Amino acid sequence: MAESASDALTPAQLVQHALTARQRAYAPYSHYLVGAAVLAADGTVILGCNVENASYPATICAERVALTAAIAQGKRNLRAIAVATRDGGTPCGICRQVMAELGPEMKVYISDEQGDFRVTSVRELLPDSFSRSSLLT
Ligand code: THU
């Protein structure tokens, strides 16, 4: 889903959006709730939460819900993503790869359930990633 926001959105405000998204997590199996909020260059905030499935591999992570929704909404210039979990857990490897594909320049804010967060980046989370440069030569 999209929620409008000003260009001047602060990291702390983006984290608050991720905490809101986290409340919508569908995680009846792991009970590990994850929320994500992507900030597009035009100020739009796109939310995602993890959505689990009784067929466990059909589960999708919060980050990929938000990132793919951003693309579906026509937002391709992505500036930042905030991720909220109970303990400040970091994004999984698949999500890092998708971040590298869709938002390689993004800042990443990793928050716990209190809204305490640290700042990192896609490049820091997934250095030397496999990318389009290997395919488009
Ligand atoms: N999960 C995410 O949403 N993002 C991650 O980066 C790590 C894991 C979700 C998937 C699953 O619903 C639950 O956390 C436990 O793995």
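**Student:** So, the pairing of strand E2 (residues 35-40): which residues are in play, and what are the values?
**Tutor:** Among the six residues in E2, six count as buried, and that is most of the element. A two-sided burial pattern is seen for E2, the buried positions comprising Gly 35, Ala 37 and Leu 39 on one face and Ala 36, Val 38 and Ala 40 on the other. One ladder, built from five bridges, connects E2 with strand E3 (residues 45-49); its direction is antiparallel. Pairing of Ala 36 across the sheet is with Gly 48, part of E3.

**Student:** Any details on the pairing of strand E6 (residues 117-121)? Residues and values, ideally.
**Tutor:** Pairing geometry for strand E5 (residues 107-111) and E6, over five bridges, is antiparallel. When the bridges of E6 are listed, Lys 107 appears paired with Ser 121. The antiparallel hairpin formed by E5 and E6 contains five residues in its connecting segment, where Gly 115 sits at a positive phi of about 90°.

**Student:** So what's going on with the side chain of Asp 112? Which residues, and what values?
**Tutor:** Positionally, Asp 112 belongs in the loop between E5 and E6. Here Asp 112 is buried and forms no salt bridge, its nearest opposite-charge partner Arg 22 lying at an N-O distance of 8.7 Å. Among the polar contacts listed, one links the side chain of Asp 112 to the backbone nitrogen of Gln 114, at a separation of 2.9 Å. Those residues within four positions of Asp 112 in sequence are excluded, and the remaining contacts are Leu 19, Thr 85, Arg 86, Asp 87 and Gly 88.

**Student:** Talk me through helix H2 (residues 62-72); I want residue IDs and the actual numbers.
**Tutor:** Along an α-helix, a turn takes 3.6 residues, which lines up residues three or four apart on a common side. Residues of H2 that are buried include every one of Ala 62, Glu 63, Arg 64, Ala 66, Leu 67, Ala 69 and Ala 70, and no others. Those residues of H2 that are buried lie in contact with E2, E3, strand E4 (78-84) and helix H3 (93-102). Gly 74 occupies a position one or two residues after H2 and carries a positive phi of about 85°.

Conventions used here
Residues numbered from 1 in each chain as written. Predicted model: local features only at pLDDT ≥ 70, side-chain atom pairs only at ≥ 80, totals over all residues. Heavy atoms only, no water. Buried < 20%, exposed > 50% of the residue type's maximum accessible area, 1.4 Å probe, protein only. Helix = DSSP H or I, 4+ residues; strand = E, 2+ residues; numbered from the N terminus. Pairing = 2+ DSSP bridges. Lys, Arg positive; Asp, Glu negative; His and termini not counted. Salt bridge = Lys/Arg side-chain N within 4 Å of Asp/Glu carboxyl O. Polar contact = N/O pair within 3.5 Å; in protein donor to acceptor, adjacent residues only side chain to side chain. Contact = heavy atoms within 4.5 Å.

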